[in-house]
Amino acid sequence: MFENLKAQPTDKILELMKLFADDPRDQKIDLGVGVYKNAEGVTPVMRAVKAAEQRVWEDQTTKAYTSLIGDPAFSDAMISLILGDAVPRANIAAAATPGGTGAVRQAFELVRMANPSARVYVSNPTWPNHLSILKYLGMETVAYRYFDEETRAVDFGGMIEDLATANAGDVILLHGCCHNPTGANLNLVEWQAVIDLINERGLIAMVDIAYQGFGDGLDEDAAATRLVASNVSECLIAASCSKNFGVYRERTGLLMAISQETSQQGLNQGTLAFLNRQNFSFPPDHGARVVSTILNDQALRADWAAELEDVRLSMLGLRQQLADELQKRSGSDRFAFIAQHRGMFSRIGAAPELVMKLRQEHGIYMVGDSRMNIAGLNATTVPILAQAIVDVGI
Ligand code: LMR
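Residues numbered from 1 in each chain as written. Predicted model: local features only at pLDDT ≥ 70, side-chain atom pairs only at ≥ 80, totals over all residues. Heavy atoms only, no water.

## Structural notes on the environment of G32
Line of reasoning, step 1. Take G32: it is sitting in the loop between β1 (29–30) and α2 (47–59).
Line of reasoning, step 2. Note on G32: relative accessible area 0%, which makes it buried.
Line of reasoning, step 3. Residues G32 and V367, spaced 335 residues apart in sequence, show a C-alpha to C-alpha distance of 5.6 Å.
Line of reasoning, step 4. Apart from residues lying up to four places away in sequence, G32 is in contact with L16, F345, Y365, V367, R371 and N373. (Helix = DSSP H or I, 4+ residues; strand = E, 2+ residues; numbered from the N terminus. Buried < 20%, exposed > 50% of the residue type's maximum accessible area, 1.4 Å probe, protein only. Contact = heavy atoms within 4.5 Å.)

Dropping the structure here:
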């Protein structure tokens, strides 16, 4: 049997992690995988997470199963964090999933189950694993224009033109904030125009929100998702706690299915539970319990929000420093977009050969499409990167 297996394509982002680890150079800089690192190059366990873990350890009396959709306290706390009071709770079905990727996978499966002929519109570019999962599930994808390679901002005209080709029932996958891989985002007026188009054409919105709190702030980063959820008849929201709670390896995420028809909620909820059961049965609990412990405790929540805000501001500071250094060293403003982008990533718009040159000649690792993880930098490495970018002729 095994001889029939074919080698599968490796994930470019994860492959880069290995290449970086194998590089013997001391001065190497990892701007690959989307993991936050502090100025010392460490991905710390957040203070509130440590405290909540201790509390869970002390208070937990059993490891018996929770429920197929996870602990309801987690869903409630996450729904409130992401949606505020934008949508009545009675209209939201939700299930905990193994990370944001688990939520994305379950959302696609739900789409395939409900409407096998639905096509999924994805931004060009999008997170490569979106495409990989859709392909694996045999679902048709259509790329819509998103990133203007010249301005490094959103090509909004192109995006709307392409979305207007979608048929009723097609799914439009949107990044709630901090677009991965580009860092370029819609403003709220543009979001409203996308929502209008979704409603006019009878399309289904799906939002992937994996970086809430990394862009402009917790509420600001959720504003577009709230606008979508409260203005369309049905939508799916896949959320991740990996980044904003720093619980990457705990696999903590949530999938929401929202309908303006309250009577639909029971069926949606049952479907999410069924899909969990088929794929992995009960979702992981530890990270979810830590997250709900934090969100439901005033002091822990305040401390978590403060630490997250420090992370956000440090990334903004690094963006500004890099834009300034590049301005100084290149004598041009063509890198000003780096300070405008939001979230962990910026696509700097360099040809693959130049990305390779950065790797070979300077030990600087970014994804082949020239996506760099801003959070992989610090005040000392920013000037080194800026000089390298200029030296290789980007
Ligand atoms: C990334 O895009 O680097 C992260 O979302 C990590 C991953 O799983 O790819």
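## Quick notes on the site of the ligand
Line of reasoning, step 1. Neighbouring the ligand are I13, V33, G34, W127, N180, Y211, K243, F345 and R371.
Line of reasoning, step 2. W127 places a polar side-chain atom, nitrogen or oxygen, 3.1 Å from an oxygen atom of the ligand.
Line of reasoning, step 3. Contact distances for the ligand include 3.1 Å between an oxygen atom and a side-chain N or O atom of K243.
Line of reasoning, step 4. Its residues placed into classes, the shell around the ligand shows five nonpolar, two polar and two charged.
Line of reasoning, step 5. Of the domains in this structure, domain 1 (11–44 + 310–392) and domain 2 (65–296) are the two that each give at least three residues to the shell around the ligand. (Near = heavy atom within 4 Å. Polar contact = N/O pair within 3.5 Å; in protein donor to acceptor, adjacent residues only side chain to side chain. Nonpolar A, V, L, I, M, F, W, Y, C, P; charged D, E, K, R; others polar. Domains from an automatic or database assignment.)

## A word on the domain arrangement of the protein chain
Line of reasoning, step 1. The domain architecture assigned to the protein chain consists of domain 1 (11–44 + 310–392) and domain 2 (65–296).
Line of reasoning, step 2. Relative to domain 2, the C-alpha centre of domain 1 lies at a distance of 27 Å.
Line of reasoning, step 3. Residue-level contacts link 22 residues of domain 1 with 23 residues of domain 2.
Line of reasoning, step 4. Across the domain 1 to domain 2 interface the summed buried area is about 1800 Å²; carbon plus sulfur atoms make up 55%.
Line of reasoning, step 5. Counting the surface domain 1 buries against domain 2, the share from its top three residues, R312, R342 and R347, is 35%.
Line of reasoning, step 6. Taken together, the connections running from domain 1 to domain 2 amount to two salt bridges.
Line of reasoning, step 7. Note that D216 and R342 form a salt bridge whose closest N and O atoms lie 2.8 Å from each other.
Line of reasoning, step 8. At the surface where domain 1 touches domain 2, the tally comes to ten residue pairs in polar contact (both at pLDDT 80 or more).
Line of reasoning, step 9. For the side of domain 1 that touches domain 2, the secondary structure elements donating two or more residues are α11 (298–330) and β9 (345–347). (Buried area = accessible area lost by both parts, 1.4 Å probe. Salt bridge = Lys/Arg side-chain N within 4 Å of Asp/Glu carboxyl O.)

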